[in-house]
Amino acid sequence: NVMDGVFYNAGQSCCGVERIYVHEKVYDQFIIGANNEMEKLKMGDPFAKDTTLGPLAHEKSIQFLVNQKLDAINKGAKIIEFSGDFPQKGNYMRPFIAINCNLEMDIMTDESFGPVIGIMKVYSDDEAILLMNESEFGLTASVWTKDNNRAEMIADKLETGTVFQNRCDVLDPELPWVGVKKSGFGASLGEIGIQQLTRPKSYNFKQI
């Protein structure tokens with residue numbers, strides 16, 4: 001589910017997964033699983049039924065992602081690239097996972113908006129929360145745990161418009177869709193979103 005949030009629509013989703021923080025106890029296991037999921041991708045014609053990863057919307061996005069990869073490598077990251085068939089024509093970007101990341105890397109601080117992901121090891125919930133809140137963006141975050149109370153505790157501390165537990169990139173029309181920081185103002189969906197589509201009329205009277 002995490003990696004589906006990374007690669008959905010070739011990573012071109014406003015609430016797609018942009019960076020991942022994994023506890024050191026399961027970090028190595030997670031990297032293996034993440035790579036296995038990446039290798040299942042089928043790149044090709046987005047109209048073909050068996051395609052699971054299509055092209056990017058703009059050619060310029062490819063160079064942007066290549067620059068993120070080179071920046072990560074120069075700052076100590078290891079790159080794990082998709083090894084499957086790669087289309088030679090079209091705006092396709094070979095997916096990759098960057099591991100051993102840190103917050104000095106663009107891939108961990110900027111939006112990628114492509115089929116790439118940076119993964120960073122953490123040693124506690126508090127460290128993860130601190131790093132997640134370091135971002136200048138605040139649209140969505142996801143917490144992956146079987147402990148609902150733990151998820152709610154973390155969610156309460158996150159500076160973001162929506163927090164998911166054990167899912168990501170899902171809309172519920174009953175819940176407002178809202179961002180904080182550089183992820184924007186205002187809201188859509190939910191009762192708050194409906195109110196944005198109405199025109200209130202105020203009466204400001206004074207008795208004389």
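Everything numeric here is computed off the predicted structure, so don't read it as measured data. Counting from 1, residues in each chain are numbered in the order their sequence is written. Where local features are concerned, this predicted model is filtered to residues with pLDDT of at least 70; where side-chain atom pairs are given and counted, the filter is 80 or more; whole-chain, interface and lining totals use all residues. Side-chain measures were taken over the full set of non-hydrogen atoms in the model, leaving aside hydrogen atoms and water.

Asks: I'd like a description of the packing of aromatic side chains, backed by residues and values.
Replies: Pairs were defined over the aromatic rings of Phe, Tyr and Trp, the Trp ring being its six-membered one, requiring ring centres within 6.5 Å. Orientation was assigned from the angle between planes: stacked under 30 degrees, edge-to-face over 60, tilted for the rest. Taken as a whole and assessed by the stated rule, the structure comprises one aromatic pair. Summarising the aromatic geometry, the rings of Tyr203 and Phe205 are spaced 5.7 Å apart at their centres and angled 75° between planes, so their arrangement reads as edge-to-face. The pair formed by Tyr203 and Phe205 is uniform in burial state, with each residue classed as exposed. Any residue under 20% of the maximum accessible area for its type is buried, any over 50% is exposed, and the rest in between are partly exposed; the area is computed with a 1.4 Å probe on protein chains only.

Asks: Talk me through the pairing of strand S1 (residues 19-23); I want residue IDs and the actual numbers.
Replies: The secondary structure listing takes helices from DSSP runs of H or I that are at least 4 residues long and strands from runs of E that are at least 2 residues long, numbered from the N terminus. In terms of residue burial, S1 counts as a mostly covered element, since four of its five residues are buried. By the convention used here, strands pair only if DSSP detects at least 2 bridges between them. Two elements, S1 and strand S4 (residues 116-122), share five bridges in a ladder whose sense is parallel. In the strand pairing of S4, Val22 is matched with Lys121.

Asks: Give me the pattern of salt bridges: which residues, what numbers.
Replies: We count a salt bridge whenever a side-chain nitrogen from Lys or Arg sits within 4 Å of a carboxyl oxygen from Asp or Glu. Counted under the stated rule, the structure contains six salt bridges. Across the salt bridge formed by Arg150 and Asp125, the nearest N and O atoms sit 2.8 Å from each other. Residue Arg150 is located in helix H5 (residues 148-157), and its partner Asp125 is located in helix H4 (residues 125-133); the two are separated by 25 residues in the primary sequence. With its nearest N and O atoms 2.9 Å apart, the salt bridge here joins Lys181 to Glu159. Highlighted residues: Lys181 in strand S9 (residues 180-181) and Glu159 in the loop between H5 and strand S7 (162-165), separated in sequence by 22 residues. Assessed through its relative accessible area of 42%, Glu159 is described here as partly exposed.

Asks: Pulling in residues and values, what's your account of unusual backbone geometry?
Replies: Of note in the backbone geometry, Ala10 takes a positive phi value of approximately 60° without being a glycine. The class for Ala10 is buried, based on a relative accessible area of 4%. A positive phi angle is found at Asn100, which is not glycine, with a value near 60°. The residue Asn100 is located in the loop between strand S3 (96-99) and S4 in this model.

Asks: Please set out the nonpolar core residue by residue, giving values where relevant.
Replies: Grouped together as the largest cluster of nonpolar side chains are 45 residues, with contacts concentrated most on Met3, Ile20, Ile97, Ile107, Ile117 and Ile119. Looking at this core, the elements with two or more residues in it are helix H1 (2-7), S1, helix H2 (27-39), helix H3 (60-74), S3, S4 and H4. Among the elements that make up this core, the one with the highest residue count is S4 (five residues). Contacts are assigned to residue pairs with any non-hydrogen atoms lying within 4.5 Å of each other. Met3 has contacts with Ile20, Ala34, Glu37, Ile97 and Ile117, leaving out every residue within four places of it along the chain. Among the nonpolar cores identified, the runner-up in size contains six residues, and Val143, Ala151, Ile154 and Leu158 belong to it. Within this scheme, the nonpolar core is defined by two criteria: the residues are buried Ala, Val, Leu, Ile, Met, Phe, Trp, Tyr or Cys, and they are joined through side-chain atoms within 4.5 Å.

Asks: Describe the pairing of S7, naming the residues involved and giving the relevant values.
Replies: Only one face of S7 is covered, namely the one carrying Thr162 and Phe164; the face carrying Val163 and Gln165 has none of its residues buried. As defined by bridge partners, strand S6 (residues 140-143) adjoins S7 across four bridges and the pair is classed as parallel. Residue Ser142 lies in a different strand from S7, and its bridge partner there is Phe164. A right-handed crossover is one whose linking path, passing over the helix from the first strand to the second, runs clockwise when the strands point away from the viewer. For the crossover from S6 across H5 to S7, the handedness is right-handed.

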